[in-house]
Structure formats: C-alpha cells, structure tokens
Amino acid sequence: MAYYLVFLEPRNGLVAGVSADVWHRVQEQLFSGDRVAGFVAGSLSSGALDVLQGSGTVHHALSGRPAVPSDMELCRMLSELVRKEGCTDIFMAATAAGRRLAPAIAATLPASLLAGCTSAYPDEKVCRRYIHSGSVLAAYRPQSAIRIVLQGREHRRVTFSSLERPRCVAFQESPGILRDAAPLIRAIIATSSSEDISEAGIIVAGGRGMGDAGRFAMLEELANLLGGSVGASRSAVDEGWRPHSQQIGQTGKSVAPELYIACGISGAVQHLAGLASARTIVAINSDPYAPVFDVADYGIVGDVREVLPRLTDAVRDVLRKK
Amino acid sequence: MNIAVCICQVPDSASAVAVIDGALDMTRAAWVMNPYDEFAVEEAILLRDRFPGSTVTALGASPESGKDLLQKALAMGADRAFDVRSFSPLQDPFQTAWVLAEALRNLYGEALPDLVLCGRESLDFQNASVPAMLAGMLGMVFTGPVSALRAEGEHLELERETEGGTELLVARLPLVISTEKGLNTPRKTGIRQVMEARKKPLEILQASQPPPPKVSLESVETVSKKKRCRFAATPEELAGMLHADGHFRHISGED
Ligand SMILES: Cc1cc2nc3c(=O)[nH]c(=O)nc-3n(C[C@H](O)[C@H](O)[C@H](O)COP(=O)(O)OP(=O)(O)OC[C@H]3O[C@@H](n4cnc5c(N)ncnc54)[C@H](O)[C@@H]3O)c2cc1C
C-alpha cells in the first residue's frame, strides 16, 4: 500500500496550479488502502487550500520567520515528515524549486528520484524517460523503499473531482531543526513578462529562417491568436533575436505543447531534443528537404514572410466561423 | 577562495549513440567536455583571477572521463585536477554524487571548498541531479542553475530562472552552484595552453565502493521520431487541416 506525500508549492499565497494538478493526479491513482498527505510551507491566503479535492491530510508549516523557507529548511521538514509518517512516494511538480528540492531530498533520505517519466509512474513499475537528447528511451526501476517523482507537463491533464476535502493540520518541526540554514538571502524577485514556454500548450517558434528580430512580431501575432507562446531555436537566440529563456532544445528548454509550429527552423537533433514530448508538429520552411519535415505532422514549403501572414489570417477566419 | 569544479564527458552528438542488443552502444561516440561544465570551469577561472590566492581544482568522476577531460580543464586554466576512479562504473546520480562528496571531503577535510561549481546537467542522461545531491551530502547550500554571477566580497549576487521570471539572489559562501548556458563564454584552448597543462598536477584519487544505486537502468530502446508529414499547398489549406483535425478545439471564437 502506498502512502503518497505531495509537495504543494505556494505561489502568491495560493497553491501553484501545477502542484494542485499533481495532487489531483495522485488522487486519481489511489487504490483502496492508499493514503495521501500534502505539505505546504509559508503563509497562505485564507481559503488557499480549497482548490484541493479528495482525501488526505495537508500539513501546513507556518514557522513565522522568513515567509518563504529556504530549500534547506524545506528539505529537512519534508524529510522529517516522510520519516514520521512513513510515506512511500513523494510527488512534486517539476518547477524550478521542485527540481532543486527533489534531488536534495533524494540524497538526504535517501530515495529513488524519478524525473521526466513519460509513462505514468506508478501505473507502470518503471519510469520511462528520454536520454541522449531524446534519441533513446530508457526504463528506470526505482531501488529504494521511498520514491520521489518529479512531474512535468508531459503528464495527462487531470479531470479528478470529488466532494471530499483534505483536512489541514499544522506541521510542527522538531526543535532545533531550523538552525541557521538560510544563508541565501532573497533580495529581489524580478518578474519579467516572459511567459514560461515549458508550460505552454501551444508554441510558435522561430529559427534563423525568420531573418531578423522584427519578423518575430508575426509569430507573436499567431501565438496570441492561438493562446500560445513564442519559442526560438538556438540560432535565433545566438543572433540576439530572442532571450535565452525562450530557447528550445538540448541546451534550452524541453517543452510539451499540444501544438508546435516551427517557422524557419531546420530541425537539428539538438533542437528536436527539446520536442520529445510535443504532440503535434507543424513545419514551415522554404527548403522541402529540411530535416524538420521528417518529424512534422503537417508541413508547408514556403517563405515565412509570405506564409505566416496568410496563415494567421486563415486561422482567424476558421476560428470566427466556429 | 577554494573552488572545486565537478566535470564529466558526454558524446559530442547524440546521433552517435546506438542501442545494440538492448544495451547502449557508445563505440561510435567521440567524447567532449559536457557543454554545461565548460561554463563551470570558465566561471571558476574568472573568480580565481579576481580573488588572489584562490585555487581551482577540477574533479572528474565519470568512467570515461580520464585524462582528456581533466587535461582540457587544466588547459582552460584549472590549477590541479583529480581523476576520481571507482571500482565499478557509477550507475546513477546518487552514486556519482556520493563519490564526488567523498573526494571533496578527502581533499578539503571538514573545511570543504568555499565554492563547488557543476554544470546544470550532463547532456547524456540529463538528470540534473548531481549538483543538488552533492550539496545535500556535503550539507552545503545549493543555489540551482544560475545564469549570472557577480562576486561582491563575501557575497555573491546570482540570477536564476524560475517560472515567473528571473530571481535575483544574494548568497554567502560556501555554496554549490550549477551553471546555466549564457553565464559566460568559455575560452578556447590552443596548443600553448595544452602544453602548459601537461606541467600541472593531474592525480588519481581512488574512491571507496559507494552504496547501491537508487535507480537502475533496466532497458533502452532507440526512438524513431520519423512521422509521415502531410503537406499543405497553401497557408489557407494548412489552417483548414489543423482546424478539421481539432487542433484549435480549445480556442474560443472571439480573439
Ligand atoms: C552542444 C550543442 C547544443 C545545442 N543546443 C541547441 C538547442 O538547445 N536548441 C537549438 O535550437 N539548437 C541547439 N544547437 C544548435 C543546432 O545544432 C542548430 O545549429 C540550430 O538548432 C539551428 O537553428 P535554426 O534551425 O534556427 O537555423 P538553421 O539550421 O540555420 O536553419 C534555418 C532554416 O530556415 C529555413 N529558412 C531560411 N529562410 C527561410 C524563409 N525565408 N522562410 C522559411 N524558411 C526559411 C532554412 O531552409 C533552414 O531550414 C546545439 C548545438 C550544439 C553543438
């Protein structure tokens, strides 16, 4: 029987949407006898936990001082909770904080860390994930009694609903656990306007074939129309046309959109490495032999300067007729 | 400032990796320093040059590492290098971090280095776990991948990317930092640097047997990404195809 612990990341006093998704995915996979706990630290707005449906107990650590506990404090509190409660599987969203925290806890407990699984662990007893830039699919088997699973966007959407609500209890750290473990002073959090492409459902990406930075306005227009985000190849980033945060591929971000529209991108393996979890790929390229067409579901051979404005108009038309 | 850099080697191109009889075959691969680790070595050297009396120590623990990798770090400017050998190949990030943590304790004692730099992830298995695990085992603070670093006396000013944008941090040494692309531009090495590197100390450090791995690689298969592409003759036809196949389902009619 499994005892799940879900790490709930706070965001602006609420539970981050990605964490709530993880919580509900865990609820969906419960067998009789399985149990669920949640853990959240820091001050929350009233009613912040109301988004969570299903059974279980949420442990809320409110230590008063610093509003946001450091990674080290979180690691200690979570490890302590896991040991006290006897949790077997820890689930976290693969956010920047989750990616720092999960391996730290895995080293502390110790536990088996499973990240980027394409199969829904634990339905399958192994975690299947891409290695070597998406060219090889590997199956990993956890060897520890405790597992930590980092879930990214590659997982199915949740549809869980229940009338049940988890109960909330205060988490009491053991005395002494919060020794001066926060030499990391958070000075400012500069929130830039760049949306996170690793979470985007639709991405319109441009490469060197876009020709210059100004033409990315065409991609922004199409992305806005589709409710998506703009991404870029490394060449486009190296040219200074887009920020590195928008680079997709081996040395950029891995993305998992439903729809990926590649404009003036040749389809180098290093670029495709970031697309292993993209569902449908559309390629626009002037070269009919561009390798990107080998991995695309839909393609059009043509100049982006001509194709994009017409495509945007045509999309607007079909959306209007809907 | 005592700076340690943990580096490894990866195949220069994923296309040289094959699966033969259900196992990874790397015989066609040429090995290079993991690109993210180049940022770590470069940053270590920049810091050393700014703070007189600092030393940069490079450690390689991957089985394929050997001399080439460490020689490259020395040619870039590291002061000394250690080839951390284990009795059997390291099987997961936990074992790798364990062996590195042991090596760092042996080299630095309880004092530990002021700064441990690692690449964000290695481009072969892409777990991105070793830096955080290493920090956990050493009891050091881990900052996560940083894309900017400014040293101001005792403090480091760092930038890291999160979902909401860029976080600006001020941190005090000692720290474990992993390096993101764009942190710096790693220097190229020429014949002269390579010759000079030969005179620098490169030692072998024997690791103890680490605890068993926490995950085991059970099977591998090659992935064929080839799809049958449906070509549209005009942009209008493409929009129609995407709409008909339900790719715009979730978008409301009003834009
Ligand atoms: C270690 C390493 C890591 C890397 N990591 C990444 C990574 O993370 N992400 C990444 O993207 N790359 C990465 N690369 C680089 C990668 O190998 C390619 O160089 C890069 O992806 C090419 O970008 P591109 O497709 O935009 O440019 P190009 O390869 O130059 O392709 C441009 C394409 O645009 C087409 N085109 C030109 N003009 C037009 C037009 N007017 N209309 C329509 N089409 C046009 C051309 O036919 C061509 O196919 C990495 C490389 C290495 C060695």
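Residues numbered from 1 in each chain as written. Chains lettered and ligands numbered in written order. Predicted model: local features only at pLDDT ≥ 70, side-chain atom pairs only at ≥ 80, totals over all residues. Heavy atoms only, no water.

Let us look at the domain arrangement of chain A. Residues and elements named next belong to chain A. Entries for chain A in the domain assignment read domain 1 (3-170) and domain 2 (202-321). Summarising the inter-unit geometry, the C-alpha centres of domain 1 and domain 2 are found 33 Å apart. Taken together, the contacts link four residues of domain 1 with seven residues of domain 2. When domain 1 packs against domain 2, close to 470 Å² is buried across both sides, 51% of that on carbon and sulfur atoms. Where domain 1 packs against domain 2, one counts zero salt bridges. (Domains from an automatic or database assignment. Contact = heavy atoms within 4.5 Å. Buried area = accessible area lost by both parts, 1.4 Å probe. Salt bridge = Lys/Arg side-chain N within 4 Å of Asp/Glu carboxyl O.)

Residues and elements named next belong to chain A. One open sheet accounts for seven strands, arranged S7-S10-S6-S1-S4-S5-S11; its pairing is parallel. Bordering the open sheet on either side are strand S7 (112-115) and strand S11 (167-170), each of which pairs with just one other strand. Ignoring strand direction, the axes of neighbouring strands in this sheet form an average angle of 20 degrees. Looking at chain direction, strand S6 (residues 89-93) and strand S10 (residues 147-151) are connected through five bridges and run parallel. By the bridge assignment, methionine 92 is partnered in S10 with leucine 150. (Pairing = 2+ DSSP bridges. Helix = DSSP H or I, 4+ residues; strand = E, 2+ residues; numbered from the N terminus. Axes fitted to C-alpha atoms, helices over the stretch in contact; angles between N-to-C directions.)

Let us now look at the interface of chain B and chain A. With 78 residues of chain B in contact, the opposing surface of chain A contributes 82 residues. Regarding the contact of chain B and chain A, the summed buried area is about 7,200 Å², with carbon and sulfur atoms giving 59% of it. In this assembly, chain B and chain A are joined by five salt bridges. Ionic pairing is found between Glu161(B) and Lys253(A), a salt bridge with its closest N-O pair at 3.4 Å. At the junction of chain B and chain A, the tally comes to 26 residue pairs in polar contact (both at pLDDT 80 or more). Contributing elements (two or more residues each) for the side of chain B that touches chain A: helix H4 (130-138), strand S9 (141-146), strand S11 (155-162), strand S12 (165-172), strand S15 (215-222), strand S16 (230-231) and helix H6 (235-244) of chain B. Across the side of chain B that touches chain A, the residue classes tally to 38 nonpolar, 18 polar and 22 charged. (Polar contact = N/O pair within 3.5 Å; in protein donor to acceptor, adjacent residues only side chain to side chain. Nonpolar A, V, L, I, M, F, W, Y, C, P; charged D, E, K, R; others polar.)

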